[in-house]
Amino acid sequence: MSEQLCAAVGTAVEPHVELSGLGKRYPDVIALHNLTLTVNRGEFFSLLGPSGCGKTTTLRLVAGLDCLSEGSIAIDDVLVSSPTYFMPPEKRGVGIVFQDYALFPHMTVFENVAFGLYGLPKAAIAKRVNELLALVGLAAAGQKYPHEMSGGQKQRVALARALAPAPKVMLLDEPFSNLDAELRAALRSETKEILRDSGTTVILVTHDQEEAFSLSDRVGLLNGGKLEQVGTPYEIYHHPASRFVADFVGRADYLSARVEGSMVISGLGSFALPNSERQGSADVDLLIRPDDVSIADDPTGTAVITEVRFLGAHALYTLQLDDGSVLHSQGLSAHLLPPCMRVAVTVNMRHTVVFSPEQKDDAPQRHRGHRD
């Protein structure tokens, strides 16, 4: 597995799913507006965002479960959807795994997986189903019924059924949200490995930042039916394109600061702007992540710990600076510092990001009365 991944590094990307200017209107809401996005062959891509942002709408349009209002969708350079053309879902070469599994309760596991293989010889169907059940770790479960299985096992069956016709593209609609935390983490890893081994292009819809970041090669963040940013998980987290992105993908604190030439001057130090992206002087808000903030016991320090949250391996400290500003610091919990302690604060800015103060109103736009 690791050799396959290493061999893939540096290979040329090849567009596989192309969304061009997608728009979707309902009588009471615009669900998508001018969404343009390319997902590459073999890529694991996640659409991330809050409820009502257009994630599931996008997935349904790609799957052929809904008709678009504007734009076009192509898979393998073949048009599958536009306002004047609609290719049926079964001809698109797309598999989909739903949040609620959508298994047929009156069918056995074997029959559920075989459902999309109609028309093939019985021997070929049996061979394919048995291969897939073995792949998802359910080789001995073929004669069971869905009600006899756990949530994690049902999700594996749903994945095997979606993989059975060998789809070009796999769509995952929040497939882990009904599972408990420990099982969710384990099944994420297993699902990623299974899909990597199959060479399938994957588009995952989720509102869970950790899920998107841990699984994806790239992430697209949606807000109010519009695409805010596309990039690697590292880029999305450390180089957010907007204040909305910064706030959605992790805890974000802001300090009032000032740009002077190619430097940002703040009460906690001066930091270089990448590529001198701003010139002259301007008041800004400096983005600071808790993992960039270190603290140490110091009676003459510039901050006081006001709250300590124990999170297992890590602790999250809330700090009040002498000027009234509030920051957070995340550190290892082996040596906890107590509340009310005065501390010295050090900020390690490997990635300086600033926003104009007027961007404070950049907030998620949520649609009401319609699923995203």
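Residues numbered from 1 in each chain as written. Predicted model: local features only at pLDDT ≥ 70, side-chain atom pairs only at ≥ 80, totals over all residues. Heavy atoms only, no water.

### Quick look at the pattern of salt bridges
Step number 1: Applying the stated criterion across every chain yields a total of 17 salt bridges.
Step number 2: Between aspartate 285 and arginine 243 there is a salt bridge whose closest N-O contact spans 2.9 Å. On the criterion of sequence distance, the pair formed by aspartate 285 in strand E15 (residues 281–288) and arginine 243 in helix H9 (residues 243–248) is long-range, its members being 42 residues apart.
Step number 3: Among the residues examined, aspartate 285 registers a relative accessible area of 4% and is labelled buried. (Salt bridge = Lys/Arg side-chain N within 4 Å of Asp/Glu carboxyl O. Helix = DSSP H or I, 4+ residues; strand = E, 2+ residues; numbered from the N terminus. Buried < 20%, exposed > 50% of the residue type's maximum accessible area, 1.4 Å probe, protein only.)

### Quick look at helix H5 (residues 151–163)
Residues three or four positions apart in an α-helix share a direction because the helix packs 3.6 residues into each turn.
Step number 1: Its 13 residues place the ends of H5 19 Å apart at the C-alpha level, agreeing with the 18 Å of an ideal helix rising 1.5 Å per residue.
Step number 2: Among the 13 residues in H5, 10 count as buried, and that is most of the element.
Step number 3: The complete set of buried residues in H5 reads Gly152, Gln155, Arg156, Val157, Ala158, Leu159, Ala160, Arg161, Ala162 and Leu163.
Step number 4: Where the residues of H5 are buried, they touch strand E7 (94–97), helix H3 (109–114), helix H4 (122–135), strand E8 (169–173) and helix H6 (181–198). (Expected span 1.5 Å × (residues − 1). Contact = heavy atoms within 4.5 Å.)

### So, empty space enclosed by the protein
Step number 1: Evaluation of the coordinates by the stated rule reveals 3 cavities of 30 Å³ or more.
Step number 2: By volume, the largest cavity amounts to about 50 Å³.
Step number 3: Looking at the largest cavity, the residues that line it are Val97, Gln155, Arg156, Leu159, Leu172, Pro175, Phe176, Leu187 and Thr191.
Step number 4: Listed by contribution, the elements that provide at least two residues to the lining of the largest cavity are H5 and H6.
Step number 5: Among the elements that make up the lining of the largest cavity, the one with the highest residue count is H5 (3 residues).
Step number 6: Taken together, the residues that form the lining of the largest cavity break down as 6 nonpolar, 2 polar and 1 charged.
Step number 7: In this structure, the second largest cavity encloses a volume near 40 Å³.
Step number 8: If you go around the second largest cavity, the residues you meet are Tyr237, His238, Leu287, Ile288, Arg289, Asp292, Met349, His351 and Val353. (1 Å grid on protein atoms, 1.4 Å probe; cavity = no way out; pocket = protein on both sides within 12 Å on 5 of 7 lines; lining within 4 Å. Points joined across faces, edges and corners; volume = space filled by probe spheres on them. Nonpolar A, V, L, I, M, F, W, Y, C, P; charged D, E, K, R; others polar.)

### Structural notes on unusual backbone geometry
Step number 1: Here tyrosine 101, not a glycine, exhibits a phi torsion of approximately 75 degrees, which is positive.
Step number 2: Owing to a relative accessible area of 12%, tyrosine 101 belongs among the buried residues under this scheme.
Step number 3: Positive phi, normally seen in glycine, also occurs at cysteine 340, with a value near 75 degrees.
Step number 4: In this fold, cysteine 340 is placed in the loop between strand E19 (326–332) and strand E20 (342–347).
Step number 5: For cysteine 340, a relative accessible area of 67% translates into the label exposed.

Keep in mind these numbers describe shape, not what the thing actually does.
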